[in-house]
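Architecture and fold: a report
Here are the chains, one letter per residue:
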Amino acid sequence: MTFAHFFHYRAPSNCFHSVFPLLLRLRQPAIHARPRTMAAQIDRLLAEHAAASIPEEPRTGLGPSATPSLTYSDSSDEVDLEEPRLPEPLRRRRASTRLIAQSPADVQRITGETTTQLIRRCCGGGCCLGLGRPKKDDLEVEEVAFPDNDAYRSLCLKIDQIPATLTGVCDLPEQTAFLQPLRRPSNVPSPTDSGVFLGADGVTSSAVGDVDKTLHALALEDLDTRIQPPSFVQPHPPHHVFPARIHSTRELTRPGAEKRTFHFDLDVTNYPEGEGIDFKVGGAIGVSAPNEEEMVEEVLDLLLVPRFLRDKPVLLRTTKGRWPTVWGDDQARELVTTRRDLLTWCSDIQSYPPTKQILRVLAEHAIDANERKILFFLCSAEGQGVFCDFRTGPHVSLVQLLHAFPSAKPPLDLLLSVLQPLMPRFYSLSNDPHESFLRRDGKQHRLIEIAVTVHETADWRAGSRTGVGSGFFQRQALKFIEAQERGEAHPDFAIPMFKGLMANPLAKEFVSDGPMLLIGAGVGIAPFRGFVQRRLKTANCANKVWVLQGIRDSLVDELYSGEWGVHEDEVKRVVQSRRGEGRYVQEEVKAQADLVWYIVNSVDGRVFVCGSSKGMGEGVERALVEVAMDKGNLERDEAQNFWDLKREAGQYIAETW
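Figured I'd write up the structure that's included with this text. For every chain, the first residue of the written sequence is number 1, and numbering continues from 1 onward in sequence order. Side-chain atom pairs in this predicted model are given and counted only at pLDDT of 80 or more, local residue features only at pLDDT of at least 70, and totals for whole chains, interfaces and linings cover all residues. For the side-chain quantities, the full set of heavy atoms in the structure was used; hydrogens and water were omitted.

Quick look at the overall build of the chain now. Segments assigned H or I by DSSP are reported as helices when at least four residues long, segments assigned E as strands when at least two residues long, and all are numbered from the N terminus. Looking only at helices and strands, the chain features 24 helices and 19 strands. Think of it in three bands: with a 1.4 Å probe and only protein chains considered, a residue is buried below 20% of the maximum accessible area for its type, exposed above 50%, and partly exposed in between. The 657 residues of the chain split such that 45% are buried.

Okay, here's the thing in structure tokens:
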């Protein structure tokens, strides 16, 4: 009987599941056993197992069941047929392991998410590992009436029953922010006290005046927080937020486009000097976008913050952390601000999935018993699975949570302690900032240009809502356009920005000579417009730049058509990916394999890629690898290593998000 005949042997049905353990036992040599032929050994072992009506339990060492593990053995396919030996009692086999992830790139390849996306999606409660989930046998439950409102129903919480006793409830988070009223020092009477002006108790009118001036200066900065954040919301030094006036704006896409994209010309003539950094081709500006005004007002209403207190100066004291700054030091702070400014400029109320810390705060201050039980359940080990599904679903805004659990009215400062900070958004320049000037009002103005695509997500009331940054840009653009339509010559609207990333990969690797291939999709094509404008000004570079622009439909969403300068038809190819027809930009990359291979192997040759990492970015990288395999006669691993080396050398630059 050969080894191949073994697989055609008709074993009893009740022994079928024992075939694989037999193979394992065949591979365990017995040191003191006399060698036998393979056929004899197989016959003896099969007869031994077929004689029993019930499959035997695994022998000592394996336990009641041997669960396969996610490990690999490089030698698992090898079978020695020369000198089989009698099996010895089965022992747990030590499996070898294979490293499958050792870098963020490996994590993204396996999970389809960047490490940042994975961390934001993960609640850290061990949901995916099933930690802390008690068994449901003999579990005492209690009836709970769910809140009868649209906001709660939109959460889609899959709660069947709630145990009477909850375990593993997360602790109430530490409060790190405290709002305190501004009080006059006890030794300084009020100005209305006549004793002040008479010098009573050693207090002079000048001393009182100094205190009043100090309190007034602390409370009211010399800036308008309707158009820019308070000065303490400072990005990384030496930058400060500057309210750049919108010189003009227009919509680049047409009706029917899946996403709206707006173009902005920003006047940076009066941008503060002294930072030692200038705007660069391919650079990106940072924008401190505020939360939507109506959403902030609604949060304050839901928390029952009196209207007369919302804009009243208040002392903010923090015990640790960077908040309310952006990239400040981790330290305690005391500063004067207003409740509205903190909620508008410092805390994100819509971009992040809810955390257990937020739910725990709501549970602690919920008056309704049923709402408390639901919130505590979501914070417990028993509710881990429900919370995981809830957190990884559509993003839930703070407004939605407060409407879903209307009896929860936590103090504003406690809520600010657990909300995520509102971070700046970054947008690439879409022009050559060294050559963009305009003369108006008798003087020269310097302009920078950007393009912003509006991102939308599901909303429980309106159907969809815009992101913090792109939504702010859309609101400013529409207000500006409406003001122009009313006849205003120079509408006054601003974008709070700072120079941000002028040393990002696109700006850093841009060179004035050498062939360049620019690959972009959607708004990712915007920074390449500045590249082309800069390069086409040099006569000997006119035939050294090529653009592959990926779009859905040239009729509705081709950005900057006819605005690339001279020779546009010669340097730019538009690739459309209409549903059901056309093709994607990564397919065009493979079609232009000769050009790609020529550029990347030329002196100072550069290949730039800009756009969404999911889909376009990954597809272009695969296409580039296939080009290297084809033109360079390389294996896949060698081709991947080729592009890795080009990336290190600054010849392959990918800026994706």
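Turning our eyes to something else, we now look at the sheet that holds strand 8 (residues 333–337). With respect to topology, three strands assemble into an open sheet ordered 3-7-8, the strand pairing being antiparallel. Every interior strand has two partners, whereas the edge strands, strand 3 (177–181) and strand 8, have only one. Adjacent strand axes in the sheet meet at a mean angle of 25° when their direction is disregarded. The rule for pairing is simple: two strands pair if DSSP sees at least two bridges between them. Axis definition: a line fitted to C-alpha atoms, over the contacting stretch in the case of helices. Angles run 0 to 180 degrees between N-to-C directions.

A few words on empty space enclosed by the protein. With a 1 Å grid laid over protein atoms only, a set of points is called a cavity when a 1.4 Å probe fits there but cannot get out and a pocket when it is open yet has protein on both sides within 12 Å along at least five of seven lines; lining residues have an atom within 4 Å of a point. Grid points are joined across faces, edges and corners, and a volume is the space filled by probe spheres set on the points. In the structure shown here, the tally under the stated rule is three cavities of 30 Å³ or more. Taken as a whole, the largest cavity encloses approximately 130 Å³ of empty space. Lining the largest cavity are 16 residues; nearest its centre among them are D348, Y352, P353, I358 and L419. Partitioning the lining of the largest cavity into residue classes produces ten nonpolar, five polar and one charged. What lines the second largest cavity is P229, V233, S288, A289, V326, W345, L422, M423 and P424. Under the scheme applied, nonpolar residues are Ala, Val, Leu, Ile, Met, Phe, Trp, Tyr, Cys and Pro; charged residues are Asp, Glu, Lys and Arg; polar residues are all the others, including Gly. Class assignment for the residues of the lining of the second largest cavity results in eight nonpolar, one polar and no charged.

Moving on to unusual backbone geometry. W323 connects to P324 through a cis peptide bond whose omega is 10°. As for its position among the elements, P324 is in the loop between strand 7 (314–318) and strand 8. In this model, L304 sits at a positive phi of 60°, which is unusual for a non-glycine residue. Summarising the element assignment, L304 is placed in the loop between helix 8 (293–302) and helix 9 (307–310). The class of L304 is exposed, set by a relative accessible area of 60%. A positive phi angle, close to 55°, is found at N633, a residue other than glycine.

So, about the packing of helix 22 (residues 593–600) against helix 23 (residues 613–631). Look at helix 22 against helix 23: their axes get within 10 Å of each other, and the N-to-C directions meet at 85°. Classed by the angle they form, the pair helix 22 and helix 23 counts as roughly perpendicular. Contacts between helix 22 and helix 23 involve A593, D594, V596 and W597 from the first element and L624, V627, A628 and K631 from the second. These descriptions rest on fixed angle ranges, namely under 35 degrees for roughly parallel, over 145 for roughly antiparallel, 65 to 115 for roughly perpendicular, and the rest for oblique. The contact definition used throughout considers only heavy atoms, calling two residues in contact when any of these lie within 4.5 Å.

Moving on, we come to the pattern of salt bridges. Salt bridges are identified by distance alone: a Lys or Arg side-chain nitrogen within 4 Å of an Asp or Glu carboxyl oxygen. Tallied over the entire structure, the rule returns 31 salt bridges. For the salt bridge of E174 with K320, the shortest nitrogen-to-oxygen distance reads 3.0 Å. With E174 in the loop between strand 2 (162–163) and strand 3 and K320 in the loop between strand 7 and strand 8, the pair connects residues that are 146 residues apart, well separated along the chain. Owing to a relative accessible area of 49%, E174 belongs among the partly exposed residues under this scheme. The closest approach of N and O atoms between K590 and E626, which form a salt bridge, is 3.4 Å. With K590 in helix 21 (residues 585–591) and E626 in helix 23, the pair connects residues that are 36 residues apart, well separated along the chain. E626 sits in the partly exposed class, given a relative accessible area of 30%.

A few words on the sheet that holds strand 16 (residues 545–551). Spatially, five strands are ordered 17-16-15-18-19 in an open sheet, and the strand pairing comes out parallel. Each having just a single partner strand, strand 17 (572–576) and strand 19 (652–656) make up the two edges of the open sheet. Direction aside, neighbouring strands of the sheet carry axes that sit 10° apart on average. Strand direction decides the pairing type here: strand 16 and strand 17, joined by five bridges, are parallel. Across the sheet, residue G550 finds its bridge partner in strand 17, namely V575.

The next subject is the packing of aromatic side chains. Two rings belonging to Phe, Tyr or Trp (six-membered ring only in the last case) form a pair when the distance between their centres is within 6.5 Å. Interplanar angles under 30 degrees mark stacking, angles over 60 mark edge-to-face geometry, and anything in between is tilted. Counted by the stated rule, this structure contains 14 aromatic pairs. Ring centres of F264 and F473 lie 5.0 Å apart, and the angle between their planes is 65°; on these two criteria the pair is classed as edge-to-face. Taken as a pair, F264 in strand 5 (residues 261–267) and F473 in helix 16 (residues 468–485) lie far apart in primary sequence, 209 residues in all. Both residues of the pair, F264 and F473, count as buried.

On to the pairing of strand 16, then. Of all seven residues in strand 16, six are buried; the element is thus mostly enclosed. Of the strand pairs in this sheet, strand 15 (residues 516–521) and strand 16 are connected by six bridges, and their pairing is parallel. By the bridge assignment for strand 16, I519 is matched with L548.

This brings us to helix 22. Those residues of helix 22 that fall on the buried side of the exposure criterion are A593, L595, V596, I599 and V600. Projected down its long axis, helix 22 shows its buried positions confined to an angular sector of 165°, all on one face. Looking at the buried side of helix 22, the elements it contacts are strand 15, strand 16, helix 21, strand 18 (606–611), helix 23 and helix 24 (636–648). The directions considered for the arc run from the helix axis to the C-beta atoms.

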